[in-house]
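An overview of the molecular structure
Residues per chain, in single letters:
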Amino acid sequence: MAYNFTEIEKKWQNKWYSEGTFNAQDDHSKEKWYGLIEFPYPSGQGLHVGHPRSYTALDIIARKKRMQGYNVLYPIGFDAFGLPAENYAIKNHVHPKITTQKNIAHFTEQLKALGFSFDWSRVVDTTDPNYYKWTQWIFIQLYKHGLAYKTTMPINFCTGCKVGLANEEVVNGVCERCGSPVVQKEKSQWMLKITEYAQRLIDDLDDVDFLEKIKIQQKNWIGRSEGAEVKFNIDGTSEELIVYTTRPDTLFGATYMVVAPEHLVMETLKDKITNIDEIKEYQKQASLKSDFERAELNKDKTGVEIKGIKAVNPLTGSLIPIWVSDYVLSTYGTGAIMAVPAHDDRDYAFTKKFNLPMIQVIESNDESCICNIEEEPFTDVATGKLINSGFLTGLSVEDAKKSVIKHLEENNIGTKKINYKLRDWVFSRQRYWGEPIPMIYCEDCGWVTVPETELPLVLPEIEDYEPGENGESALAKHTEWINTKCPHCGKDAKRETDTMPQWAGSSWYFLRYMDPHNNDALASKESLNYWGPVDWYNGGMEHTTLHLLYSRFWHKFLYDIGVVSTKEPYQKRTSHGMILGSNGEKMSKSKGNVINPDDIVKDFGADTFRVYEMFMGPFDQTAPWSMESIRGCGKFLERVWNMQEFLVDGDSYSSKFEKMMHKAIKKVTSDIEEMKFNTSISTFMTMVNEFYKEKQINKAEFKTFIQLLNPFAPHMTEELNEFLGNKETIANTPWPTFEESKTIDDEIELPFQFNGKLKATIIIPLNSDEQSVKDIVHNNETVCGLLEGKTIIKEIYVKNKIYNIVVK
RNA sequence: GCUGAUGUGGCGGAAUUGGCAGACGCACUGGAUUCAAAAUCCAGCGGGAAACCAUGUGGGUUCGAGUCCCACCAUCAGCACCA
């Protein structure tokens with residue numbers, strides 16, 4: 001009897017989704033489990049085969065948790081604001097709202113065809129005013145707490161299209177669409193003070209269960225460093241240059257200084273600078289370069305000495321030159337550095353190019369080190385010892401740091417300082433398809449928030465989505481929308497025309513799932529307390545820095561103002577590997593290696609698709625697609641289906657299969673928890689092979705088998721469950737349990753080694769003591785043969801593992 | 001350049017974390033079934049005649065190394081001078 005997956009899968013999907021089989025229950029007395037996947041952006045291309053990898057993995061875990069008795073929340077939604085919909089609208093004159101609705105409908109259909117156990121009654125759509133009402137509400141709270149502010153920031157500006165561009169749209173310094181050069185244009189933008197949370201974003205990682213590489217990446221991104229700020233006086237003036245350094249111990253070796261091209265000192269002291277024209281020219285060149293070009297062209301260092309002024313080394317009192325160079329960034333530290341060429345790679349390269357002086361102040365403790373600073377800088381902190389450094393001479397690097405900071409602070413020439421690479425979050429977009437920022441500008445009152453009672457501030461439906469003049473948002477053209485009254489004083493005022501970035505809606509969506517239809521709050525206090533935090537969040541590594549950090553930041557803020565009750569939003573975070581094309585390259589239209597999930601479902605069925613994606617390799621690693629392998633997974637499921645043919649009665653496991661059943665339950669239960677889905681599936685395959693060998697499986701064994709397999713292949717197992725005469729849906733049956741004692745074999749095959757090389761295996765009872773094994777070994781024929789004429793030096797027995805004889 | 005990951009049969013990958021390398025699947029080969037083919041079922045499948053040799057390469061530790069240590073090579077991903 002052939003398995004008709006098309007018909008059977010449809011049958012169960014209709015039943016599940018019409019009856020709400022997987023909807024989370026409102027019963028807050030039960031123990032909860034909240035599993036989360038990153039909600040998709042509903043692109044016009046439809047679902048990618050990469051999406052189901054993550055969704056199936058957590059679907060398996062969610063289904064198992066349900067069977068284990070948890071009240072499970074496994075929701076789905078759509079992150080639907082964003083550039084592609086807007087660009088499509090500009091090109092084809094279809095409102096983004098329409099394409100978004102269409103794409104969401106298509107995604108929904110595709111997701112349902114894969115049989116995920118999502119709670120479809122809680123779907124969230126970030127473009128729905130009932131949703132973004134609360135995104136706007138959070139922004140207002142951030143503003144009220146001083147965490148949102150306006151400042152001038154450069155944007156990428158296309159000189160052809162006259163619009164602001166995302167980094168992604170700038171390719172090799174030119175606009176992706178029209179090819180015109182992209183320049184940096186200063187614009188007043190809304191910013192969020194994520195830097196205020198930098199330390200807490202590091203510290204609280206200790207309390208959560210994220211993959212170690214994810215924690216490392218978050219920490220590196222935040223980039224905390226400890227060092228000192230040091231004041232250098234500029235000779236003959238009352239001005240000073242303040243630098244940040246992580247190596248204050250090398251201060252005696254500072255032979256010159258470098259400032260960023262944007263540094264103000266060149267403006268302040270322009271009258272004293274003798275080569276001001278040359279400096280101005282260098283600044284001009286630097287400003288023309290985009291960030292991209294600076295990065296590209298930085299292989300070779302450039303710079304100009306600022307003549308006419310000199311700085312004073314605060315410890316040695318010697319006069320040192322000041323240079324300007326774009327290898328120093330205005331956005332990090334103070335925009336000025338002290339250069340210690342003997343002990344820093346970049347300063348060293350700059351020194352070699354411009355032939356500047358160098359003083360060695362650290363040498364190695366390690367006698368064997370042939371360290372010659374004429375050939376390369378010495379940067380090893382661990383073995384370093386101070387030389388040529390006055391009161392620091394002889395100290396280790398660590399001690400010298402402490403000592404010099406103490407000296408700097410006592411003499412008021414510097415302080416200890418902690419710096420972060422993390423920068424504040426640029427929150428404005430000059431775009432139409434995003435949440436309007438709920439702010440009003442009044443000539444008299446300044447920036448005023450839209451009253452909370454007037455939320456949502458609905459995005460007006462317009463026809464012309466093209467950005468306005470000078471890179472303004474398309475909204476800037478709609479004076480009827482912009483012009484309003486100041487909520488404070490009632491005078492004429494104007495609305496903010498920038499919109500929020502796509503990151504906004506995705507920074508809190510997991511909270512909305514807890515209570516998605518609430519009109520009075522982003523979610524009720526009660527549901528937030530019950531469902532929070534997310535127990536397990538899986539997503540791509542590409543989101544471990546920005547999205548993960550932004551949403552942790554918002555959550556911490558919401559914690560501070562009493563909205564949520566936990567410091568961290570996600571208890572556990574894992575990530576999945578990418579699915580590549582069958583040629584081992586990233587799937588892309590241009591390479592012609594894209595696999596369409598619809599075709600796979602049509603040809604093989606959803607269960608085969610799911611099993612294949614879980615079987616293809618370790619979950620957290622990239623894996624290439626293979627049409628041959630997926631066929632094998634289909635064959636496996638056919639074999640499962642055909643086991644009906646040799647089904648016999650039986651209320652308990654037969655003695656032949658009892659051990660196998662208990663072992664399998666144990667293995668699959670722990671494998672799922674560890675995301676080792678591929679080895680679970682090979683366990684299933686081995687079991688099927690065993691049943692085929694005996695041409696027999698009894699009802700008890702079959703029941704357990706399909707329960708274990710159900711999270712992986714839910715449709716076929718439901719059908720088989722019905723075939724077994726069970727009325728209740730398998731998803732509501734309790735997860736099989738095992739007895740530890742029945743997973744252990746009484747006898748084991750002990751490997752026997754001779755000088756560390758395997759020579760035989762011997763059957764012994766489990767947990768045999770050394771003497772009894774020794775007796776068996778020495779009576780073994782093979783062993784006796786090997787021992788002939790040899791002297792035994794040593795015998796090693798590791799219980800249940802190995803027996804090794806070393807001879808001469 | 002820096003950081004992180006990976007490297008095991010023809011291919012995707014297992015290996016209780018230092019104890020029988022190659023589970024399971026794909027591909028391939030042979031057999032059964034069939035008028036025939038497909039499908040299905042059964043068997044074989046790292047190399048070598050064998051002793052033995054094999055987990056990117058070269059060393060090391062150990063009774064014993066895919067697993068630990070040192071050096072190197074290759075591939076992939078991310079970052080871009082972070083003082």
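I will try to describe carefully the structure that is included in this document. (Residues numbered from 1 in each chain as written. Chains lettered and ligands numbered in written order. Predicted model: local features only at pLDDT ≥ 70, side-chain atom pairs only at ≥ 80, totals over all residues. Heavy atoms only, no water.)

1. Some thoughts on a negative patch on the surface
Together, D345, E374, E375 and E376 make up a negatively charged patch on the protein surface. Inspection of the secondary structure puts E376 in the loop between β17 (362–364) and β18 (384–386). (Patch = residues over 30% accessible without salt bridge, like charges linked within 9 Å, V, L, I, M, F, W, Y side chains within 5 Å. Areas by Shrake-Rupley, 256 points an atom, 1.4 Å probe, with all protein chains shown as cover. Salt bridge = Lys/Arg side-chain N within 4 Å of Asp/Glu carboxyl O. Lys, Arg positive; Asp, Glu negative; His and termini not counted. Charge placed at Lys NZ, Arg CZ, Asp CG, Glu CD. Helix = DSSP H or I, 4+ residues; strand = E, 2+ residues; numbered from the N terminus.)

2. Details of the state of the cysteines
This model, assessed by the stated rule, comprises zero disulfides. With no disulfide of its own, C445 lies 3.7 Å from the sulfur of C489, the closest cysteine sulfur. C486 takes part in no disulfide bond, and the closest cysteine sulfur to it belongs to C442, at a distance of 3.7 Å. (Disulfide = S-S within 2.5 Å.)

3. A look at the protein's contact with RNA strand B
Lining the immediate surroundings of RNA strand B are 48 residues, of which T246, K301, R346, R639 and N804 lie closest. Counting only the atoms of RNA strand B within 4 Å of the protein, the fraction contributed by sugar and phosphate is 61%. Contacts to RNA strand B include K421, whose side-chain N or O atom sits 3.4 Å from a sugar or linking oxygen. For RNA strand B, a phosphate oxygen lies 3.0 Å from a polar atom in the side chain of N678. Residue assignment for the surface near RNA strand B shows that the elements contributing at least two residues are β12 (240–245), α20 (627–642), α22 (677–694), β31 (747–754), β32 (757–765), β33 (792–798) and β34 (802–807). (Near = heavy atom within 4 Å. Polar contact = N/O pair within 3.5 Å; in protein donor to acceptor, adjacent residues only side chain to side chain.)

4. A short note on the pattern of salt bridges
Scanning the model with the defined rule gives 42 salt bridges in all. With a shortest N-O distance of 2.9 Å, E452 and K144 are connected by a salt bridge. Separated by 308 residues along the polypeptide, E452 in the loop between β22 (446–449) and α13 (479–482) and K144 in helix α5 (residues 129–144) bring together distant segments of the chain. The exposure class of E452 is partly exposed, given its relative accessible area of 33%. Between D204 and K556 there is a salt bridge whose closest N-O contact spans 2.5 Å. Taken together, the positions of D204 in the loop between α6 (198–203) and β10 (209–210) and K556 in helix α17 (residues 546–560) put the pair 352 residues apart, joining distant regions of the chain. A network of salt bridges, in which partner residues are shared, links D204, R552, K556 and E568. (Buried < 20%, exposed > 50% of the residue type's maximum accessible area, 1.4 Å probe, protein only.)

5. Here's the deal with the packing of helix α21 (residues 658–673) against helix α23 (residues 699–709)
The interhelical angle for the contact between α21 and α23, taken along N-to-C directions, is 10°, at an axis separation of 11 Å. Relative to α23, the element α21 lies roughly parallel. Like other packed secondary-structure pairs, α21 and α23 cross with a definite hand, here left-handed. Along its contact with α21, which presents M661, A664, I665 and V668, the element α23 presents E701, T704, F705 and L708. Class assignment for the residues of the contact of α21 with α23 results in six nonpolar, one polar and one charged. (Axes fitted to C-alpha atoms, helices over the stretch in contact; angles between N-to-C directions. Parallel < 35°, antiparallel > 145°, perpendicular 65-115°, else oblique. Left-handed = near helix turned anticlockwise from the far one by under 90°. Contact = heavy atoms within 4.5 Å. Nonpolar A, V, L, I, M, F, W, Y, C, P; charged D, E, K, R; others polar.)

6. Regarding the packing of aromatic side chains
Under the criterion given, the structure shown has 53 aromatic pairs. Relative to F116, the ring of Y55 has its centre 5.8 Å away and its plane inclined at 85°; by these criteria the two rings are edge-to-face. Within this pair, whereas Y55 is found in helix α2 (residues 51–67), its partner F116 is found in the loop between α4 (96–112) and β4 (124–125), the two being separated by 61 residues in sequence. Taken as a pair, Y55 and F116 share a single burial class, namely buried. Both rings, one in F350 and one in F354, keep their centres 4.9 Å apart while their planes meet at 55°; by these two values the pair is tilted. (Phe/Tyr/Trp six-rings, centres within 6.5 Å; stacked < 30°, edge-to-face > 60°.)

7. Structural notes on the environment of N275
Along the chain, N275 falls in the loop between α8 (265–268) and α9 (276–288). Note on N275: relative accessible area 9%, which makes it buried. N275 has contacts with V304, E305, I306 and K307, leaving out every residue within four places of it along the chain. Of note is the side chain of N275, whose polar atom sits 3.0 Å from the backbone nitrogen of K307.

8. Quick word on α22
Given a rise of 1.5 Å per residue, 18 residues ought to cover 26 Å, and the 26 Å separating the end C-alpha atoms of α22 matches this to within 8%. Looking only at α22, the buried set comprises F677, N678, S680, I681, T683, F684, M685, M687, V688, F691 and Y692. Where α22 is buried, its residues meet α2, α19 (606–615), α20, α21, β30 (697–698) and α23. A positive backbone phi angle near 50° is found at K695, which sits one or two residues after α22. (Expected span 1.5 Å × (residues − 1).)

9. Observations regarding the side chain of K32
By the element assignment, K32 lies in strand β1 (residues 32–37). When its relative accessible area of 13% is taken as the criterion, K32 is described as buried. Polar side-chain contacts of K32 include one of 2.7 Å to the backbone oxygen of P533. Every residue in contact with K32, bar those within four places of it in the chain, is listed here: Y70, N71, Y530, W531, G532, P533 and D535.

10. Details of the sheet that holds β1
Pairing is parallel in the open sheet, where five strands are placed in the order β2-β1-β25-β26-β10. A single partner strand is all that each edge strand has here, and the edge strands are β2 (71–73) and β10. Across three bridges, the pairing between β1 and β2 is parallel. Looking at β2, one finds that Y34 is bridged to L73. (Pairing = 2+ DSSP bridges.)

11. A short note on unusual backbone geometry
Residue L455 is joined to P456 through a cis peptide bond whose omega torsion reads 0°. As for its position among the elements, P456 is in the loop between β22 and α13. The omega angle of the peptide bond from G532 to P533 is -10°, so this bond is cis rather than trans. You can see P533 is positioned in the loop between α16 (525–531) and β25 (536–540). One non-glycine residue, N355, adopts positive backbone phi at about 60°. Looking at the secondary structure, you find N355 in the loop between α11 (345–354) and β17. You can call N355 exposed: its relative accessible area is 70%. Located in the positive-phi region is N800, a residue other than glycine, with phi close to 65°.

12. Quick notes on the sheet that holds strand β9 (residues 182–192)
Read from one edge to the other, the open sheet built from four strands follows the order β6-β5-β9-β20, with strand pairing classed as antiparallel. The open sheet has two free edges, formed respectively by β6 (164–165) and β20 (425–426), since each of these has just one partner strand. Sheet analysis places β9 next to β20, joined by two bridges and oriented antiparallel. In the strand pairing of β20, L192 is matched with W425. Contacts from α5 reach β5 (148–158) and β9 within the one sheet, and its direction differs from that of β9 by about 80°.

13. Section: the environment of E585
With respect to the helices and strands, the residue E585 is situated in the loop between β27 (579–580) and α18 (597–604). As a C-alpha pair, E585 and F615 span 30 residues in sequence and 19 Å in three-dimensional space. Setting aside anything within four residues of it in sequence, one finds E585 in contact with L580, K591 and N593.

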